[in-house]
Amino acid sequence: MLLIADSGSTKIDWCLIDNNGKKTYFHTIGMNPYNVSKGTIIQEIETHILPYIPQNEKMQMFFYGSGCSTQQKKIFMKDIFLQYIPKADIHIEDDLLGAARSTCGREAGVVAILGTGSNSCLYDGKKIVENLPSLGYVLCDEGAGTNIGKIVLRNYLRGQMPNHIHQQFAKEYKGEEADFLTNLYQGEKPNFYLASFAKFAISRQENDYCRNIIAEAFHNFFLMQVTQYSNYKKYPINVVGSVGYYAQEVLKQVAKQYDIKVGKIIQAPLEELINYHLQTSSKR
């Protein structure tokens with residue numbers, strides 16, 4: 001049996017594949033070990049995962065998760081799961097490796113996650129060989145929803161939008177300057193709050209002004225991340241995430257300006273990860 005998980009900070013997409021090839025899909029809340037307590041993870045396993053897992057069955061489990069890049073967090077997560085599925089061969093991996101395997105398979109390439117946040121790496125077909133630290137939305141997150149949302153909100157509050165765009169934003173997002181700043185600086189999840197404004201620009205990307213905002217964020221991404229990798233023009237860039245997926249035409253235009261080929265762009269990696277591991281298992 002094979003159990004695969006694509007874990008973001010807010011939700012996890014799971015797929016259990018039995019020995020006959022039957023696939024069972026289910027979902028749980030996200031299990032980023034930096035954001036979720038051990039008790040919450042245990043409760044989620046007991047309530048929403050164990051009902052799908054046959055007892056005393058041997059299986060391989062591949063868990064690709066945000067917040068699982070360090071050895072310490074990998075061990076932390078593995079130890080919890082082993083309490084409940086002790087016969088499983090458990091692999092805890094970073095979500096960036098999941099993005100690489102889902103888009104590149106066994107080929108080399110530059111890989112990026114462009115969603116609420118951003119991350120990237122150079123992948124040699126087997127492992128990640130170069131990875132700039134993502135550093136989060138305060139310092140970086142170039143090209144991500146937080147980056148686009150920051151530009152949108154900044155321009156609105158400073159009165160730097162065309163009048164008709166300004167009016168559309170004011171109609172869609174109610175509030176005064178103090179309301180926005182209070183939510184941003186005193187809210188529980190300021191990164192998600194910032195990223196929520198990215199939808200405004202992406203849904204209007206046929207408008208030149210909104211398209212230029214998205215392009216500005218993608219230029220930041222290529223300049224500060226992609227061009228920092230060795231021989232980056234040698235490899236296609238492959239992207240996972242809703243921002244990259246829904247704004248892919250702008251992404252392709254910006255990539256062309258840097259003389260970079262675009263490979264695969266997918267919204268979510270689970271199906272491609274299933275194919276990757278089924279192919280790997282069949283070759284054993």
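Conventions adopted
- Residues numbered from 1 in each chain as written.
- Predicted model: local features only at pLDDT ≥ 70, side-chain atom pairs only at ≥ 80, totals over all residues.
- Heavy atoms only, no water.
- Core = buried A, V, L, I, M, F, W, Y, C linked by side-chain atoms within 4.5 Å.
- Buried < 20%, exposed > 50% of the residue type's maximum accessible area, 1.4 Å probe, protein only.
- Helix = DSSP H or I, 4+ residues; strand = E, 2+ residues; numbered from the N terminus.
- Contact = heavy atoms within 4.5 Å.
- Expected span 1.5 Å × (residues − 1).
- Arc of directions from axis to C-beta.
- Patch = residues over 30% accessible without salt bridge, like charges linked within 9 Å, V, L, I, M, F, W, Y side chains within 5 Å.
- Areas by Shrake-Rupley, 256 points an atom, 1.4 Å probe, with all protein chains shown as cover.
- Salt bridge = Lys/Arg side-chain N within 4 Å of Asp/Glu carboxyl O.
- Pairing = 2+ DSSP bridges.
- Axes fitted to C-alpha atoms, helices over the stretch in contact; angles between N-to-C directions.
- Right-handed = clockwise from strand over helix to strand, strands pointing away.
- Parallel < 35°, antiparallel > 145°, perpendicular 65-115°, else oblique.
- Left-handed = near helix turned anticlockwise from the far one by under 90°.
- Nonpolar A, V, L, I, M, F, W, Y, C, P; charged D, E, K, R; others polar.

(A) Representation of the nonpolar core in the model. The biggest cluster of nonpolar side chains holds 46 residues, and the ones touching the most others in it are Ile 148, Val 152, Phe 169, Phe 218, Phe 222 and Ile 237. For this core, the element with the most residues is helix α10 (residues 208-224), which contributes nine residues. Discounting chain neighbours no more than four positions away, the residues touching Phe 169 are Val 152, Leu 153, Tyr 156, Met 161, Phe 180, Phe 197 and Phe 200. Core analysis: the next-biggest nonpolar cluster, separate from the first, contains 26 residues, Met 1, Ile 12, Trp 14 and Tyr 84 among them.

(B) Just helix α2 (residues 71-84), in detail. A rise of 1.5 Å per residue sets the reference length of α2, with its 14 residues, at 20 Å; its end C-alpha atoms lie 21 Å apart and thus fit the reference within 8%. For α2, the complete set of buried residues consists of Lys 73, Lys 74, Met 77, Ile 80, Phe 81 and Tyr 84. Looking straight down α2, one finds its buried side chains confined to an arc of 135°; they lie on one side. Turned more than 90 degrees away from the buried face of α2, the exposed residues are Gln 71 and Gln 72. Here the buried face of α2 lies against β2 (11-17), α1 (38-49), β4 (59-65) and β5 (88-94).

(C) Examining a nonpolar patch on the surface more closely. Where nonpolar side chains cluster on the molecular surface, the patch consists of Leu 135, Val 138 and Leu 139 and spans about 340 Å² of accessible area. Relative to the elements of secondary structure, Val 138 occurs in helix α4 (residues 136-139). The class of Val 138 is exposed, set by a relative accessible area of 62%.

(D) Geometry of the pattern of salt bridges. Under the definition given, this model contains six salt bridges. Ionic pairing is found between Asp 124 and Lys 127, a salt bridge with its closest N-O pair at 3.1 Å. Accessibility expressed as a relative area gives 48% for Lys 127, which makes it partly exposed. Glu 172 is paired through a salt bridge with Arg 204; the nearest N and O atoms lie 3.0 Å apart.

(E) Broad picture of the sheet that holds β2. Ordered by their spatial adjacency, five strands build an open sheet running β3-β2-β1-β4-β5, and the pairing between neighbours is mixed. The sheet terminates laterally at β3 (23-29) and β5, the two strands that pair on one side only. The sheet shows a mean angle of 15° between the axes of neighbouring strands, direction not considered. When strand β1 (residues 2-7) meets β2, the two strands line up antiparallel, connected through six bridges. From the neighbouring strand, Asp 6 faces β2, where its bridge partner is Asp 13.

(F) Examining the pairing of β4 more closely. Across the seven residues of β4, seven count as buried, placing the element largely inside the fold. Side chains of β4 alternate between two faces, with Met 59, Met 61, Phe 63 and Gly 65 and Gln 60, Phe 62 and Tyr 64 buried alike. Relative to β4, β1 runs parallel, the two sharing six bridges. Opposite Ala 5, over in β4, you have Phe 63 as the bridge partner. The pairing of β4 with β5 spans seven bridges and is parallel. Paired with Tyr 64 across the two strands is Glu 93, which belongs to β5. Crossover handedness for the path β4 to α2 to β5: right-handed.

(G) Geometry of the packing of helix α5 (residues 145-157) against helix α7 (residues 177-186). The N-to-C vectors of α5 and α7 enclose an angle of 150°; their axes lie 11 Å apart at closest approach. When the interaxial angle is binned, α5 and α7 end up roughly antiparallel. Here the hand of the crossing between α5 and α7 comes out left-handed. The segment α5 lies against α7, with Leu 153, Tyr 156 and Leu 157 engaging Glu 177, Phe 180 and Leu 181. Looking at side-chain class alone, the contact of α5 with α7 contains five nonpolar, no polar and one charged residues.

(H) Local environment of α5. In this model α5 runs 18 Å from its N-terminal to its C-terminal C-alpha over 13 residues, within 8% of the 18 Å that 1.5 Å per residue would give. Burial within α5 is extensive, with 10 of its 13 residues counted as buried. Among the residues making up α5, those that are buried are Gly 145, Thr 146, Asn 147, Ile 148, Gly 149, Ile 151, Val 152, Leu 153, Asn 155 and Tyr 156. After α5 finishes, the residue Gly 159 shows a positive phi value of roughly 70°.

Spatial relationships are all this shows, so hold off on functional conclusions.
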